[in-house]
Amino acid sequence: MMQSKKSTFGFSSLSLAISFALAGTVVSSQAFAADEEVTKLDNVEKMAVVGSRAAPRSIGDSPVPVDIISSDDLKKNGSTDMIDMLVTSVPSFNSRAQPISDAATLVRPVNLRGLPSDSTLILVNGKRRHRASVIAFQGGGINDGAQGPDISVIPGVALKQVEVLRDGAAAQYGSDAIAGVMNFVLKDASEGGSITVSQGEYYEGDGAATTIDGNVGLPLTDDGFINISAQYKTADATSRSVQRPDAAAIAAGGNEFILDPAQTWGNPEIKDDFTVFVNSGFDINDKTHLYAFGNVSSRKATGGFYYRNPHNRGNVYSVDDGETLLVGAVNGDQSTCGVVPANVDNVLNTPEYLAMVADPNCFSMNQIRPGGYTPQFTGKIEDMSFFAGIKGELGEWMYDASAGTGSNKASFGLKNSLNPSMGLDTPTDFDTGSYEQVETTVNVDFSRYVTIGSLEDISFATGFEWREESFEIGQGEEASWIAGPYADQGFNIGSHGFKGFGPESAGKNDRSNIGIYTDVEAHLTDDFLVGLALRYEDFSTFGDTLNYKLTAQYIATDELSFRASHSTGFRAPTVGQENVVNTQTSIVEGDLIQTFIAPPTNPLAAFYGGEVLNPEESVSYAAGFVYEYENLFLTVDYYNIEVTGRIAQSSQIAVESSDYDALRAAGVEFPELISAVTFYTNDFDTTTQGVDIVGSYTTEMLSGDAKFSLAYGWTDTSVDKFDLETTNEGKVRRLEDGIPAHRATLTWGQSWDDLSMSLRGNYFGEYYATHADDTSDWGSEMADAAVTIDLEVSYAVMDNLTVSVGANNIFDQEAQKLKDGTLGELGAVYYESGPFDYNGGYYYGRVNYRF
């Protein structure tokens, strides 16, 4: 196997079309997926189309584990964020909050089966979803440097169901499917609709959120449909902060410019968050069907950064580790300005400072921000996609041909910051530039049933895919990146907190790849099903790769069946990971340092060990069983995923003063102003194993209908190999223990004539908690297990009007507090790396009208 890159999801042109095709049935717009009402009835089998290219089958008959989450199930949650909805529904699916995490605050990374977000392939109506432009530079260990799709942009109101394939599927669908596949199936009704208004806030009285969404189905003559969904959201910021000790000490010394709190830990403010999804289909005749779908979405977010102390923030306010104030000289001769001690109670009152201010030749940043400052990170995410295709019958063959494009653009900005190198002429608000990811995909798929000897109805599918993707860095305004006239006097360059993208960083990089696949599935006997998938991909930048997958299912009795799979896979570095440039503020042993993120072949990264990235390769094994008896449904699946050459962001590597001359010779400008560098590297070999248990039981109880559901996941990751030159042991610990090894959700749903209730218990096991991105002993410990309880009650006021009230974390289970010695040290109370919302209990109300 050579190299590769993310394969365009391989045509999973999606098994949707192909699967139906294999069934030998023309799919009308109404039959393209199960009727919406089907997903509401527990006594109707849920049908899955991912995991196999044969005809859609019951999830109990699937040779690989698949979860189906209906639209109604998704709604039983106070949050309208798709990520939060799925966390409570899918075993081994996790996400963490991102209060101060640069761009990851805008697009939260997720993980399935202990692997990063870009190891799970996302599909919409069976077509590959483009990835987000945002890269999670501070992704909580597992997701450090991941660039996955933004699934939060998909509103629940637009969905019929979500299908989650928990099995390696790179040989079926292409790159990014090492952990599994998630397929978001859009509604396709040609009539009716709904309008929903939701509002809620945290028990603390902040974070008030309002969501208005609607859906309408319209006929497209008698032979088609147009289904339109829209959602609008706003959310206030939250704060779970205390005053920082350093800020409090300066305020006690008489500095009246210190804010309380000086720094906020909490959710960002979300404004103008809207999205529109359109799904459509039209039957040209009884053998040909046209389809098209797409979305337009946008949202704005404003979050916090770290506080810049006006006494000891190096290269902005001070030098010599905070002993002396950094004083600039207009004439360039700093020696004429004298020495101003900074290690004092309040530098503003010292005679040395007052004398410096009185000299028009001398200045310091304290004159602009005397109380220090906390930059605010702003971002606007714009997302769009459009897919169109035709499918139908040609003799005994079914076909599906489609083409689509998608883009995600993140425009960044800073408020309340400085470009210290510009001196007192610096702006305080900056447009720092943008990232944009664009992907175009073309698929052609064919499928049919064949007979070979005594084997009948062998499903055979084959297809071709071409994909092109690009990652573009847009230049920020000059003041955000320029080295001002005082850079050579030791003042930091660019907007502080997030340096703007300059002309040396801006530009567009792209690549293309082709994929060819073959998929065969057959019953060797009535009770024994086997499948084989092969996929070949060739990338314009990485060469080629060939991967395979084997599946089998044996029906032992009417109630019990066994299943297993084995596959190889790959995940190539994204174009963004190869070329991204950024500057971030990191915490190392409690201290803030300026870290430069560079492409691995950049002179600075190369000096410290950066090399051209290679694709990851994986080998997966899985085995389990399905048990169905009357009203009981139970699946138990074990998996083991070995990944070699795993791509991740390196630890912060200190830029040493002894290297300055060599770095300048290599073309690095002002290396003395860079504290550390980090870059992408194929640094790890890991083994991730686990067990997923999914069960449900329905019965009559309390004069009504009851359903009990269990989703349990055990996940264990071990780092088999890593490079001590680029990775510290704390980062390894985060990969191994950064998410709970044990996660469980137990749900009791009860319904009567007009009243229904959903009670859910969520268990989160122990995990390795870190303060922000600090992996040292200063900011980390093993956190305790916890249980949260969610409750929702709904009442049908009329046949078409339902009112719901509820609360997430109804008993206000507190998140893990920082350990003694770090509690409150940087203004924080809780580890934000926890597996559940550190903001506490959240109550809400919702009104739904159907027509």
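Whatever comes next refers back to the structure up there.
Computed from a predicted model, the values in this text were never measured in an experiment.

(A) The arrangement of the overall build of the protein in detail. Helix and strand counts for the protein come out as 11 helices and 41 strands. For a compact globule of 851 residues, the expected C-alpha radius of gyration is about 29 Å, and the protein comes in at 28 Å, within 12% of that figure. Seen along its three principal axes, the alpha-carbon backbone of the protein occupies a region of about 95 × 60 × 50 Å. Sorting the 851 residues of the protein into buried and exposed places 60% on the buried side. Of the contacts formed within the protein by residues at least 6 apart in sequence, a portion of 72% connects residues at least 24 apart. Summing over all exposed atoms, the protein offers an accessible surface of approximately 30,500 Å²; the carbon and sulfur share of this is 54%. The centroid of the 54 positive side-chain charges in the protein is displaced by 4 Å from the centroid of its 117 negative side-chain charges.

(B) The arrangement of the state of the cysteines in detail. On inspection of all chains with the given rule, the structure shows one disulfide. Note on cysteine connectivity: C337 is disulfide-linked to C362, with sulfurs 2.1 Å apart. Here the disulfide of C337 and C362 is left-handed, its torsion about the S-S bond being about -95 degrees. Pair noted here: C337 is in the loop between β17 (328–329) and α6 (351–358) and C362 is in strand β18 (residues 362–363), with a separation of 25 residues, a long-range link.

(C) Structural context of the pattern of salt bridges. If you walk through the whole model with that rule in mind, you get 33 salt bridges. A salt bridge links D692 to R113, with the shortest nitrogen-to-oxygen separation between them at 3.4 Å. With D692 in strand β33 (residues 680–701) and R113 in the loop between β5 (110–112) and β6 (120–124), the pair connects residues that are 579 residues apart, well separated along the chain. For D692, a relative accessible area of 0% corresponds to the buried category. Bridged by salt links that share partners, the residues R128, R131, D176, E439, R467, E469, R511 and E578 form one connected network.

(D) Molecular detail of the side chain of T717. Residue placement: T717 occurs in strand β34 (residues 704–721). Within the local environment of T717, its side chain forms a polar contact with the side chain of T688, the two groups lying 3.0 Å apart.

(E) Region of the structure containing the nonpolar core. F412, Y435, V580, L604 and Y608 are the most contacted members of the largest nonpolar core, which totals 47 residues. Elements with a contribution of two residues or more to this core: β19 (376–394), β20 (397–415), β21 (430–452), β22 (455–474), β28 (591–597), α9 (603–607), α10 (660–665) and β41 (842–850). Ranked by residues supplied to this core, first place goes to β20 with three residues. Beyond its immediate stretch of four places on either side in the chain, L604 contacts F596, V655, L663, V668, I674 and V677. Core analysis: the next-biggest nonpolar cluster, separate from the first, contains 34 residues, L86, V90, A179 and A622 among them.

(F) Region of interest: the environment of F460. Mapped onto the secondary structure, F460 falls in strand β22. Of the residues examined, F460 reaches a relative accessible area of 24% and is grouped as partly exposed. Residues F460 and L702, 242 residues apart in the sequence, show an inter-C-alpha distance of 49 Å.

(G) Inspection of the environment of E766 at higher detail. Along the chain, E766 falls in the loop between β36 (755–764) and β37 (767–770). Between the alpha carbons of E766 and G738 there is a distance of 9.2 Å; along the sequence they are 28 residues apart. Aside from chain neighbours lying at most four places away, what touches E766 is I739, P740, A741, M782, A783, D784 and A785.

The rules behind the values
- All residue numbers here refer to positions counted from 1 along the written sequence of the relevant chain.
- In keeping with the predicted nature of the model, local features appear solely for residues at pLDDT of at least 70, side-chain atom pairs appear and are counted solely at 80 or more, and the whole-chain, interface and lining totals rest on all residues.
- Neither water nor hydrogens contribute to the side-chain values; these are computed over all heavy atoms in the structure.
- Only DSSP runs of H or I with at least four residues qualify as helices, and only runs of E with at least two residues qualify as strands; both kinds are numbered from the N terminus onward.
- Throughout, radius of gyration means the C-alpha value; the globule benchmark is 2.2 Å times the number of residues raised to the power 0.38.
- Relative accessibility thresholds used throughout: buried, under 20% of the residue-type maximum; exposed, over 50%; partly exposed, between the two (1.4 Å probe, protein chains only).
- Contacts are assigned to residue pairs that have any heavy atoms within 4.5 Å of one another.
- The Shrake-Rupley method, run with a 1.4 Å probe, gives the accessible areas here. Residue values count only the displayed protein chains as cover.
- In this tally Asp and Glu are treated as negative and Lys and Arg as positive; neither His nor the chain ends contributes.
- Taken as the charge location is NZ of Lys, CZ of Arg, CG of Asp or CD of Glu.
- Only a pair of cysteine sulfur atoms within 2.5 Å qualifies as a disulfide here.
- Criterion for a salt bridge: a side-chain nitrogen of Lys or Arg within 4 Å of a carboxyl oxygen of Asp or Glu.
- As used in this structure description, the phrase polar contact means that two N or O atoms lie within 3.5 Å; if the pair is within protein, one of them must be able to donate a hydrogen and the other to accept it, and residues adjacent in sequence are counted only when both atoms belong to side chains.
- Only buried residues count toward a nonpolar core, which is a set of Ala, Val, Leu, Ile, Met, Phe, Trp, Tyr and Cys residues joined through side-chain atoms within 4.5 Å.

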